[in-house]
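Letter by letter, the chains look like this.
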Amino acid sequence: MTNPFVQFQADVEAVTERCARGEISEAERDAAVRQMKLVDPQWGDTWMLSPKGQWFRQATGSKQWMPDYPLDLVDAASLPPVPQMDLPQISLAVHHCTRCPLHSGRTRAVPGEGNPRTDMMFIGEGPGFHEDRQARPFVGASGKFLEQLLTDIGYRRQEVFIANVVKCRPPNNRDPQPEELDACRDYLERQIELIDPKVIVTLGRFSMARYFPGASISKIHGQPKREGNRLIVPMFHPAAALRNPAWRTAIIDDFSKLPALVAEAAAFRAEKDEPGAPAADQLNLF
Ligand code: SF4
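None of these values were measured; they are calculated from a predicted model.

What counts and how
- Residues numbered from 1 in each chain as written.
- Predicted model: local features only at pLDDT ≥ 70, side-chain atom pairs only at ≥ 80, totals over all residues.
- Helix = DSSP H or I, 4+ residues; strand = E, 2+ residues; numbered from the N terminus.
- Rg over C-alpha atoms; globule rule 2.2 N^0.38 Å.
- Buried ≥ 20, exposed ≤ 12 C-beta atoms within 10 Å, placed from the backbone.
- Contact = placed C-beta atoms within 7 Å.
- Pairing = 2+ DSSP bridges.
- Axes fitted to C-alpha atoms, helices over the stretch in contact; angles between N-to-C directions.
- Domains from an automatic or database assignment.
- Nonpolar A, V, L, I, M, F, W, Y, C, P; charged D, E, K, R; others polar.
- Core = buried A, V, L, I, M, F, W, Y, C linked by C-beta atoms within 7 Å.

Describing the overall build of the chain
If you tally the helices and strands in the chain, you get 11 helices and 10 strands. On C-alpha atoms alone, the chain measures out to a radius of gyration of 20 Å, which is about the 19 Å that the 2.2 N^0.38 rule sets for 286 residues. Burial analysis of the chain (286 residues in total) assigns 40% to the buried set. Of the contacts formed within the chain by residues at least 6 apart in sequence, a portion of 63% connects residues at least 24 apart.

Some words on the sheet that holds strand β8 (residues 199–203)
Read across the sheet, 6 strands follow the order β5-β7-β6-β8-β10-β9 without closing on themselves; strand pairing throughout is mixed. Edge positions in the sheet fall to β5 (113–114) and β9 (225–227), since each of these pairs with one other strand and no more. Of the strand pairs in this sheet, strand β6 (residues 120–124) and strand β7 (residues 161–164) are connected by 4 bridges, and their pairing is parallel. For Gly124, the partnering residue across the bridge sits in β7 and is Asn164. Sheet strands in contact with helix α11 (residues 258–273) are β6, β8 and β10 (230–235), and its direction is about 160 degrees off that of β10.

Notes on the environment of Ile217
Along the chain, the position of Ile217 falls in helix α8 (residues 217–220). A tally of 21 C-beta atoms within 10 Å means that Ile217 is categorised as buried. Distance in space between the C-alpha atoms of Ile217 and Asp186 is 24 Å, their sequence separation being 31 residues. If we skip the residues at most four places from it in the chain, Ile217 touches Arg205, Met208, Pro234 and Phe236.

Looking at the domain arrangement of the chain
Splitting the chain by domain gives domain 1 (1–68) and domain 2 (70–273). Distance between the C-alpha centres of domain 1 and domain 2: 28 Å. At the interface, 11 residues of domain 1 touch 11 residues of domain 2. Across the side of domain 1 that touches domain 2, the residue classes tally to 6 nonpolar, 4 polar and 1 charged.

Side note on the nonpolar core
If you look at the biggest cluster of nonpolar residues, it comprises 55 residues, and the most contacted ones within it are Met120, Met121, Phe122, Ile123, Val160, Val199 and Val201. Residue contributions to this core peak at 6 residues, all from helix α6 (residues 178–195). Every residue in contact with Met121, bar those within four places of it in the chain, is listed here: Val160, Phe161, Ala163, Ile192, Ile195, Pro197 and Ile200. Grouped together as the second largest cluster of nonpolar side chains are 9 residues, Val15, Val33, Leu38 and Tyr69 included.

This is the structure in structure tokens:
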């Protein structure tokens, strides 16, 4: 039996070929492709392929369409070592990972989601209850707050990449343990390497500790540190900021600095590539 994702991809390609043969216009092709949807038989997520060939997933219980890739289309038989994986291969590996005890309590792993060619990457701690069910990072109240913070600086959630330091939910939302952080580390490192964001924003203690060991978030929040060709900016976790009015004010203020920090990082990257060249415009795929 043909895999439904393979069949769906073929159906979309057939519409595109009709357009190429002049049987339908580009507008008709785009409309037809946007109406084509596939419901994942295992999880109930809805999938679509954009006219440009980009996969999007709408998780069960969510209204948002996020860039993603169906794991059914990843060749599970030939996964390379993590440092050589691409993003879909990392997702597949994470969904099947049993490296640490967190695998035994998860409903679904949460590899991370968003624009793989973004300027900004946000790194949180670990999935909570809703994240564990939707296989998405930052849903629920903290996710809505994060989206509002992004909107306030002119970004949509789909334009950034969001991941966590551990990809499976710790029981009762407890802190991730050192051995769990170590076990999960190379997935995140490979994601950062592939996405190569100009700015990384750490959200909360555990992602901050990757770059600012021993530091206190209340002392260093919002203060960028240059690491190689990018800036690392520590911030309060949105869930914590929702509980503390002073931290809420702080995270709003820290977010307001991000566009200028992206421009600063773009400028020093451009300077390195081509001394004296202007900074590249922000890449926006959506
Ligand atoms: S938390 Fe990370 S290392 Fe642990 S099982 Fe999940 S994906 Fe694997």
